[in-house]
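Each chain, letter by letter, is given below.
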Protein chains: 2
Amino acid sequence: MTAPVDFTALGPIIDHEPRDAALFVQALTHGSTGQTPDYQRLEFLGDRVLGMVMADLLYARFPKAAEGLMSAFLNRLVSRESCAQIARNCNLGPLIRLGKQARDDGGTGSTNILGDVVEALIGALYLDGGINAARRFIERHWADKIDAISEAPRHPKSELQEWAAARNRKTPTYTMLGKSGPDHDLRFTVRVEIKGLGVAEATGSSKQEAETLAARQFLAEHTT
Amino acid sequence: MTAPVDFTALGPIIDHEPRDAALFVQALTHGSTGQTPDYQRLEFLGDRVLGMVMADLLYARFPKAAEGLMSAFLNRLVSRESCAQIARNCNLGPLIRLGKQARDDGGTGSTNILGDVVEALIGALYLDGGINAARRFIERHWADKIDAISEAPRHPKSELQEWAAARNRKTPTYTMLGKSGPDHDLRFTVRVEIKGLGVAEATGSSKQEAETLAARQFLAEHTT
């Protein structure tokens, strides 16, 4: 009873003529259908293909970047959220084969499932068309994200985390030092520390704001 | 003052004629030399190349294995310890270029450095000879480990961990339930649990023995 795969809609997404169509059916089949094989083995493979291609792209694109910064970029680019975003950009959700319950639960919009399916499709492309077919897919769908990563103004907390990673330091830790002021105007003071590199403090009207300000303060004091 | 790379000794290890010898010098250069570039960027790349090639090899080798089991195999095969073991097998240590202090501290025998350099060499092979040069290196040096992984009698605790991973469960947790007996003959009782799958208990003459017996007991009760 599971719907067949709409290869007409899939075509422009993968931009590849399947030799073994069954691989792409598998990549779009969630375990909830009860059908085997589901996408999990292809996702396992595609995850590593994506990691390698992205490492290669970043290596070439940032010839001076330290290993820590490239790792931070890579982790952001290949995160489940990034993969799911790409699935949403190309409207992959309706093509995913789910069991009735999973579909009723909104599975075609689930970040986990969407991200998994993108990786499984990369695995299928790799098996069906070799590393170059997988690479073309990744270059095409990730182009904007890669362009953006080195330019976008980043959230100070993300920027600080990457700054620490680029120096092979542990991730920054945020500690709440205290609250002050009347209930309707509470002020939160937070300290951020990167072991071995320094500390900074800031106060804001929420914990989140204080952390953001502390990160910005740290960057201001330690970078030019 | 850092020694040049002994390409005569490196030849049989990489089984590849370098087009760009500088890549292999870089792969063998530790940061302690003060020379740039050191191996870190190549290690970043090689780590992902190794992951992808290994995923591909496991995918083909174990056509029925669940994703969780393949992940457990992969993590074991590409661990720093595995990479370092391969470095030791081919006597890579003496070829690594270290600063004097790092050398005096035994850096050529360090598991971290040896493992890093194997990954960096894979990165250099990938850049110099493409995915096939890297793949040949991995297939040749990892052949015995891959053969062994599905056959070797494993430690019951490892086996149980992989069994749980193959079912996408959390890692088993071991809880000490108590000690009993006289001081010269203490008995330790331990419970192992895999959330959602079951529990087992066992008693032994040390914590480690009790855990091993509990894992074996769990496997006996839950597998055929």
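- An unreviewed UniProt entry lists chain A under the name Ribonuclease 3, from Blastomonas aquatica.
- In the Subunit (unreviewed entry) part of its UniProt record, chain A is described as follows: "Homodimer."
- For the record of chain A, the UniProt heading Cofactor (unreviewed entry) holds the text "Mg(2+)".

A look at the pairing of strand S1 (residues 173-180) of chain A
Residue and element names in this part refer to chain A.
So, step 1. Sheet topology places S1 next to strand S2 (residues 187-194); seven bridges connect them, and they run antiparallel. Paired with Thr 175 across the strands is Arg 191, a residue of S2.
So, step 2. The loop that links S1 with its antiparallel partner S2 comprises six residues; one of these, Gly 181, has a positive phi angle of about 90°.

Describing the UniProt feature "domain: RNase III" (unreviewed entry) in chain A
So, step 1. Mapped onto the present numbering, the UniProt feature "domain: RNase III" (unreviewed entry) falls on residues 7-130 of chain A.
So, step 2. Along residues 7-130 of chain A one finds 67% helix and 0% strand; the C-alpha atoms at either end are 20 Å apart.

Here's the deal with the side chain of Thr33(B)
Residues and elements named next belong to chain B.
So, step 1. Relative to the helices and strands, Thr 33 is located in the loop between helix H2 (21-27) and helix H3 (40-61).
So, step 2. Of the polar contacts made by the side chain of Thr 33, one reaches the backbone oxygen of His 30; its length is 2.8 Å.
So, step 3. In this view, Thr 33 contacts Thr 2, Arg 97, Leu 98 and Gly 99; residues no more than four positions away in its chain are not counted.

As for unusual backbone geometry
So, step 1. Residue Thr36(A) is joined to Pro37(A) through a cis peptide bond whose omega torsion reads -5°.
So, step 2. Assignment of secondary structure puts Pro37(A) in the loop between helix H2 (21-27) and helix H3 (40-61).
So, step 3. Phi is positive for Asp15(B), which is not a glycine, with a value near 50°.
So, step 4. Within the secondary structure, Asp15(B) is located in the loop between helix H1 (7-14) and H2.
So, step 5. Its relative accessible area of 49% is what places Asp15(B) among the partly exposed residues.

Procedures and definitions
Residues numbered from 1 in each chain as written. Chains lettered and ligands numbered in written order. Predicted model: local features only at pLDDT ≥ 70, side-chain atom pairs only at ≥ 80, totals over all residues. Heavy atoms only, no water. UniProt positions renumbered as here; feature names shortened; annotations may be inferred. Pairing = 2+ DSSP bridges. Helix = DSSP H or I, 4+ residues; strand = E, 2+ residues; numbered from the N terminus. Polar contact = N/O pair within 3.5 Å; in protein donor to acceptor, adjacent residues only side chain to side chain. Contact = heavy atoms within 4.5 Å. Buried < 20%, exposed > 50% of the residue type's maximum accessible area, 1.4 Å probe, protein only.

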